Amino acid sequence: MKTVLKYLLFTFGVLICGSCNVDDDDDAKTHYQFNSENNDLIINYNYQIGQTITYQNQDGEQIHFKVILNETKKQGDYVAGTFSGGSGGLSHYYDSKIIRFEIIENQNYERNGIVNYIFSKNFDKLNNGINFPMWNISNFAFIDEIQNPANIIMSDFNNQTKAQMTINNHTYKKVVEIESGSNDEYLNSSYGTISKNVNKVFYDYDFGIIQFDDINGKEWKLIYPE
């Protein structure tokens, strides 16, 4: 009986030590973190879950974005296992920020029918993008995870000179203009029932989208949330 008890205690001790080694190994993994230079390119407006963001055009029509996620966290990047039986595992950590909205007027959409602002420091490089269901060209991509689709990649705009723009008596100081280059309506039901006819977006690096224009000449301007 004493021999069995010693064996059990020894086995338990090995398991505890093994789990400690795994934890220690995970803690030793590289963590790619947002830095001050990255923060200049990351939205700093403090969106609240359930908050509604309103855009209105010159005819008084409105579109509403409802905040469903605003999260900054430490993510893990994992390598896949091999066909020969080798196991995958944690490669490194990285910082990630995701802000999501549902468009209240949109219906019957799939994953890409959600508005996303995505910021990722994976592999020590800032990648950022927007998923905008009303964008009128096909440009499907995702950042890190398939649940983070993006059809406007921001890397070409990050180093661009930013402009100042005043909309509805509110001034934005870090604005870039993004054009699709198309005057057609994009037909793809997976983005939902809302029209995919926007071909110009004005994006402020502190807030996000402050105006978008469609192919019919309507200018949808942000009513800044007070």
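Computed from a prediction, not measured in an experiment: that's the story for all the values here. (Residues numbered from 1 in each chain as written. Predicted model: local features only at pLDDT ≥ 70, side-chain atom pairs only at ≥ 80, totals over all residues. Heavy atoms only, no water.)

## Considerations on the overall build of the protein
Here's step 1: Helix and strand counts for the protein stand at 2 helices and 14 strands.
Here's step 2: Put simply, the protein has 226 residues, and 42% of those count as buried.
Here's step 3: Relative to all contacts within the protein whose residues are 6 or more apart in sequence, the contacts with residues 24 or more apart total 58%.
Here's step 4: Of the roughly 12,700 Å² that the protein leaves accessible, carbon and sulfur atoms contribute 48%. (Helix = DSSP H or I, 4+ residues; strand = E, 2+ residues; numbered from the N terminus. Buried < 20%, exposed > 50% of the residue type's maximum accessible area, 1.4 Å probe, protein only. Contact = heavy atoms within 4.5 Å. Areas by Shrake-Rupley, 256 points an atom, 1.4 Å probe, with all protein chains shown as cover.)

## A closer look at the pairing of strand β14 (residues 219-223)
Here's step 1: Both strand β2 (residues 52-56) and β14 contribute to a ladder of 3 bridges, which runs antiparallel. Its bridge partner lying in β14, Tyr55 is registered against Leu222.
Here's step 2: Relative to β14, strand β13 (residues 208-214) is paired through 3 bridges, and the arrangement is antiparallel. By the bridge assignment, Asp213 is partnered in β14 with Glu219.
Here's step 3: Following β13, the chain reverses through 4 residues before pairing antiparallel with β14; Gly217 in that reversal takes a positive phi of roughly 85°. (Pairing = 2+ DSSP bridges.)

## Points about the environment of Ile146
Here's step 1: Here Ile146 lies in the loop between β7 (141-142) and β8 (149-150).
Here's step 2: The class for Ile146 is partly exposed, based on a relative accessible area of 44%.
Here's step 3: For the pair formed by Ile146 and Asn112, sequence separation is 34 residues and the distance between their alpha carbons is 9.8 Å.

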